[in-house]
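Summary of structural features
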Amino acid sequence: GTGTMEAACLIKNWLEEKSLSGTVIYYGCPAEEGGAGKAFLTRSGCFDGLDFALAWHPGSKTGLIKEALANIRVIFDFTGKSAHAAAHPELGRSALDACELMNVGVNYLREHVKSDARMHYAYLNDGGDAPNIVPASATLLYALRAPESAYVAELYERVGDVAKGAALMTGTKVSYRTVSAYADLLSVPAMEKLMMEAMQKAEKPEYTEEDYAYAAQFAADENSPSIDTNILPADQTINLGSTDVGDVSWQIPTGLIGVATEATGCALHTWQIVAQGKSPLAHKGMHYAARILFAAAKKLYESPELCEQIQENYRAVKGKRNYHSMLPDSVK
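In this text, all values refer to a predicted model and were calculated from it rather than measured experimentally.

Reading guide: rules and limits
- Residues numbered from 1 in each chain as written.
- Predicted model: local features only at pLDDT ≥ 70, side-chain atom pairs only at ≥ 80, totals over all residues.
- Heavy atoms only, no water.
- 1 Å grid on protein atoms, 1.4 Å probe; cavity = no way out; pocket = protein on both sides within 12 Å on 5 of 7 lines; lining within 4 Å.
- Points joined across faces, edges and corners; volume = space filled by probe spheres on them.
- Helix = DSSP H or I, 4+ residues; strand = E, 2+ residues; numbered from the N terminus.
- Nonpolar A, V, L, I, M, F, W, Y, C, P; charged D, E, K, R; others polar.
- Pairing = 2+ DSSP bridges.
- Axes fitted to C-alpha atoms, helices over the stretch in contact; angles between N-to-C directions.
- Salt bridge = Lys/Arg side-chain N within 4 Å of Asp/Glu carboxyl O.
- Phe/Tyr/Trp six-rings, centres within 6.5 Å; stacked < 30°, edge-to-face > 60°.
- Buried < 20%, exposed > 50% of the residue type's maximum accessible area, 1.4 Å probe, protein only.

1. Comments concerning empty space enclosed by the protein
In the structure shown here, the tally under the stated rule is one cavity of 30 Å³ or more. Of the volumes computed, that of the largest cavity is approximately 50 Å³. Along its surface, the largest cavity is lined by I65, L185, L186, S187, M191, E192, M195, T254, G255 and L256. Mapped onto the lining of the largest cavity, the elements with two or more residues apiece are α5 (189-201) and β7 (254-260). Its residues assigned to classes, the lining of the largest cavity comprises six nonpolar, three polar and one charged.

Quick look at the structure:
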């Protein structure tokens, strides 16, 4: 967020210095991780009227982000009937049993879905307080992913049927609700080319021996350089899993890159990432990201021909496909 703000300021200042007309909007986007904040912003029309969007994501590599999985997160609430498990087991209807049977059913379902689909789950409560009391309530959170939103919607229906079957088997009731949803990323070759050129043109960070020594404490492979200073080739992509930038990309041509702000090989969502967040290494990567976004935006302002080329390419890639958010209107 801070790197993007820096980029917005660089663009604004440059436009003023050159006496050029244009509008730069900085979006503070809440709940990127898990909450699908940009999907809600998109649904509310916050990105209407834009020509282009530029964004970046921190990580251990620098390069293009050209794909991301569509993702829907669904909470399944099972409700049963509590009873003493020894004295009156016949009176109980276990919500925990229903959760376990649902997970077993989904695990069998894995054999009959596309190989690039993903189905993850977690228990949101402990499923009971004591072994001799039948649990009356238990809750699961599922994340369903696939390269295209349409197939995620199909997974949603099939997993929902498994949940209903588990409820039938256990005499419990199930209700489920979507809490967030991301679209897949629509990447445009002409925009990818622009972002690649901007990464190569922007001034790269200069790392000191202290930076390399610091990063070595966190690097995954002691035989490799502790900081990855390379730019991934244009035919490769950084894999984020899912991102709510995908929803924006179905509205307007979007340039998305990853920039190294951590030691080589560090996985996202780990304490190692948190520990490095205030380091010179992280800040140098952040400033580099700002310079890249500025270079890309500057090129867009300077080249109306390029803008039209990207727009034409975007329309060709999108084709007749339309964006439909998987977020129900009822989800706020």
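2. Some words on the sheet that holds strand β6 (residues 173-182)
Spatially, four strands are ordered β4-β5-β3-β6 in an open sheet, and the strand pairing comes out antiparallel. Here the strands that pair on one side only, and so sit at the sheet edges, are β4 (118-123) and β6. Looking at each pair of strands side by side, their axes are set apart by 20° on average, direction ignored. Bridging between strand β3 (residues 70-79) and β6 involves nine bridges; their strand directions are antiparallel.

3. Here we look at unusual backbone geometry
Residues other than glycine seldom take positive phi values, yet S19 does so here, at roughly 55°. Position of S19 among the secondary structure elements: in the loop between α1 (2-17) and α2 (37-43). Here A36, not a glycine, exhibits a phi torsion of approximately 55°, which is positive. Looking at the secondary structure, you find A36 in the loop between α1 and α2.

4. Thoughts on the sheet that holds strand β1 (residues 53-59)
Spatially, three strands are ordered β1-β7-β2 in an open sheet, and the strand pairing comes out mixed. Two strands in the sheet have a free side with no partner beyond their single neighbour: β1 and β2 (63-64).

5. So, the pattern of salt bridges
Summed over the entire model, instances satisfying the criterion amount to eight salt bridges. Between D161 and K164 there is a salt bridge, with the nearest N and O atoms lying 4.0 Å from each other. Of this pair, D161 and K164 are both found in helix α4 (residues 149-170), three residues apart, which corresponds to roughly one turn of the helix. Two residues, K284 and D211, come together in a salt bridge whose shortest N-O distance is 2.6 Å. Of this pair, K284 sits in helix α9 (residues 280-302) while D211 sits in helix α6 (residues 209-216); the two residues are 73 residues apart in sequence, bridging distant segments of the chain.

6. A closer look at the packing of aromatic side chains
Taken as a whole and judged by the stated rule, the model has 10 aromatic pairs. Each ring, one from W14 and one from F294, has its centre 6.4 Å from the other, and the planes form 75°; the classification is edge-to-face. Within this pair, whereas W14 is found in helix α1, its partner F294 is found in helix α9, the two being separated by 280 residues in sequence. For the pair shown, W14 and F294 are each scored as buried. Residues Y214 and F218 carry aromatic rings whose centres are separated by 5.3 Å and whose planes lie at 55° to one another, so their mutual orientation is tilted. Aromatic rings pair up to connect F76, Y121, Y142, Y156 and Y176 into one cluster.

All we've got here are geometric facts, nothing functional implied.
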